[in-house]
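Geometric and topological summary
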Amino acid sequence: MAETEIRPTNFIRQIIDKDLASGVHSAIKTRFPPEPNGFLHIGHAKSICLNFGIAEDFGGTCNLRFDDTNPVKEDITYVNSIKEDVHWLGFDWGGEAKYSSDYFDKLHGFAVELIEKGLAYVDFSTQEQIREMRGTLKTPGTNSPYRDTDVKTNLAAFADMTAGKYKEGECCLRAKIDMTSSFIVMRDPVLYRVKFAHHHQTGDKWCIYPMYDFTHCISDALEGITHSLCTLEFQDNRRLYDWVIENISIDCQPRQYEFSRLNLEYTVLSKRRLIQLVTENHVDGWDDPRMPTIAGLRRRGYTPGSIREFCKRIGVTKMDNMVEMGMLEACIRDDLNVNAPRAMAVLEPIKLVIENYPADKSETLIALNHPNDESMGTREIEFSREVWIEAEDFRETANKKFKRLVLDKEVRLRNAYVVKAVRVDKDDAGNITTVYCEYDPETLGNDPADGRKVKGVIHWVDAKSGTPAEFRLYDRLFNVPNPAAQDDFVSAINSASLVTKKGWAEAGLAADRETHAWQFERTGYFCRDKDSRDDTLVFNQTVGLRDTWAKIGD
RNA sequence: UGGGGUAUAGCCAAGUUGGUAAGGCAGCGGGUUUUGAUCCCGCCAUUCGUAGGUUCGAGUCCUGCUACCCCAGCCA
């Protein structure tokens, strides 16, 4: 596609440039560390493009690592979907995917080391007591009565914890740091908790699981990650990240840098809310084309290149942001405009009968697959006496701004003849069902010989050969730009986010299994949906064409 | 005066030793066009949250304000 050639620049790449120039690092290693507790979304794509993009551009490597320290929230189906999505986006992690759980043994050893150094202790306080002792944002915390337990006792207690002798919530392992720190994350954070849960990778081997803050930094160090990139909400956690690395016996010193997460207008990008949309059936699943998930965007017809281009265009900073949907749409339009072959489809059909065209005649016309790219070739389309046209492309009367078919006026049928409307049929309700017209046989491939100007062009589908099709038109999932700010974001769902139309597509599309996306001329970009059946094709509208007419109105 | 962060156009975002505000999206004019698309051409910040200060010169340095985001899970 038309991906921008220029290499992105951002503060993280500048830090890496300096680290390389100063010799702090000679090779760069990053990682993309999702928790397998949901499907990847466009926000993850930003992180993926950042991490894998840096690895590519600096000749380094990027690991895919599942941050799987909380088995009760995770599932193997998510790890599989995540692998698929990262690959689909066009990135490769080289070799096997990593798991934080690969390091559970080592992590446990480091925990023991901290206990031996007097830097960690087993706390038997209740969760509520721990919360109270933590203090508040403005008042310091207080020490736990278990804080000064001797090393030997702690070692034994941790061994018992590991052996399953304590119930969930009965105790936990805490780091001994500083209960008065202004960084609340440093007020003796929990390192391990008891969970009698089956883990998708380690099975029932463990009944204690390490916390994120203890796991992530060590996993980074064990993998030799040089630059650990995460989102802004982890800025405070960086102090704990560094504390852990400094207080255990490990060589590597990865550095954490934080960037702002993506916010997109008219959708939600938090896993909690996306899960809710799926489980409460507000959408048809993780790959519903209205979802901002990678799977949803893929089914909607977005290409990997368009998503990568989007990530390039939005950049990486530390500023809170809210990106307009138009930015994403511009990326897929730019891609499909050059790569999608054109075709014709009528979404809301009325019949056009050409009265001076023989009823038994039929002819094969040649149409360009792309008006600006001859290399995309041509195709044959059938034409006969009756064709479908778009209901909105005909009016009995209209002002001159309406460049379509009007009674007693002419219009060009795309790739075919100029026709003139002469009369209409209406149903009992007064809706136009059929437009009768006359065609000018001399206008195939050239303008009228007498020099009269026909300024309108409308698309059509041959009624004799056309194939029935269902068109799914999508609008924004929410009615407000920032649904997440709503008390009840579900109430802001756009009830008209999916509109289905039954119409016709040109015959050639039924057999075409190769083409990934088309531009239905004058309508928009569409892709074939997996719901397509032999008797009815199903198309998802990826995005409409830019439409200045719609803005002007009439 | 808890701490950590961020403020450049409607949106995203360059701007790195202080030297006179990139680019993209959107928008607005005009041209081409058998898609009201595409493409092409032009316009779109005397000003960088705000008030002062230093300087020949400040988006960049200093000081004071203001606004917004994050942190009190045995979630990540």
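Please refer to the structure higher up on the page.
Now for a description of the structure that goes with this document. (Residues numbered from 1 in each chain as written. Chains lettered and ligands numbered in written order. Predicted model: local features only at pLDDT ≥ 70, side-chain atom pairs only at ≥ 80, totals over all residues. Heavy atoms only, no water.)

Before going further, it helps to examine the environment of Met-133. Turning to its location among the elements, Met-133 is positioned in helix α5 (residues 127-133). C-alpha separation for the pair Met-133 and Arg-187, spaced 54 residues apart in sequence, amounts to 9.2 Å. Excluding anything up to four places from it in sequence, Met-133 contacts Ser-125, Gly-141, Thr-142, Asn-143, Ser-144, Pro-145, Arg-174 and Met-179. (Helix = DSSP H or I, 4+ residues; strand = E, 2+ residues; numbered from the N terminus. Contact = heavy atoms within 4.5 Å.)

Moving on, we come to the side chain of Thr-536. By the element assignment, Thr-536 lies in the loop between β26 (524-528) and β27 (537-544). Setting aside residues no more than four positions away along its own chain, Thr-536 makes contact with Pro-468, Ala-469 and Glu-470.

Here we come to the side chain of Gln-541. Counting through the fold element by element, Gln-541 comes out in strand β27. Judged by relative accessible area, which is 12%, Gln-541 ranks as buried. Setting aside chain neighbours within four positions, we find Gln-541 in contact with Arg-300, Arg-472, Leu-473, Tyr-474, Thr-523, Gly-524, Tyr-525 and Phe-526. (Buried < 20%, exposed > 50% of the residue type's maximum accessible area, 1.4 Å probe, protein only.)

A complete count under the given rule lists 26 aromatic pairs for this structure. When the centroid spacing of 5.5 Å and the interplanar angle of 65° are considered together, the rings of Phe-158 and Tyr-192 count as edge-to-face. With Phe-158 in helix α6 (residues 151-163) and Tyr-192 in strand β6 (residues 190-194), this pair connects stretches of sequence that are 34 residues apart. Taking relative accessible area as the criterion, Phe-158 reaches 2% and is therefore assigned buried. On the basis of relative accessible area, Tyr-192 is assigned to the buried category, the value being 1%. Arranged with centres 6.0 Å apart and planes meeting at 40°, the rings of Phe-478 and Phe-489 form a pair that is tilted. Here Phe-478, found in the loop between β23 (467-474) and β24 (498-505), pairs with Phe-489, found in the loop between β23 and β24; they are 11 residues apart in sequence, far enough to count as distant. Ring-pair connections join several aromatic residues into one group, and the members of that group are Tyr-357, Phe-383, Tyr-417, Tyr-439 and Trp-460. We note Arg-273 situated over the ring of Phe-489; from NZ or CZ to the ring centre the distance is 5.7 Å. (Phe/Tyr/Trp six-rings, centres within 6.5 Å; stacked < 30°, edge-to-face > 60°. Lys NZ or Arg CZ within 6 Å of the ring centre and 35° of its normal.)

Let's shift gears to the pairing of strand β20 (residues 432-440). With 4 bridges joining them, strand β12 (residues 349-354) and β20 adopt parallel strand pairing. Considered in β20, the bridge of Val-353 is made with Tyr-436. Pairing of strand β19 (residues 418-426) with β20 involves 8 bridges; the strand directions are antiparallel. Within the sheet, the bridge partner assigned to Lys-420 lies in β20 and is Glu-438. Remark: 5 residues form the turn of the hairpin made by β19 and β20, two consecutive strands paired antiparallel; Gly-430 in that turn has positive phi of roughly 90°. (Pairing = 2+ DSSP bridges.)

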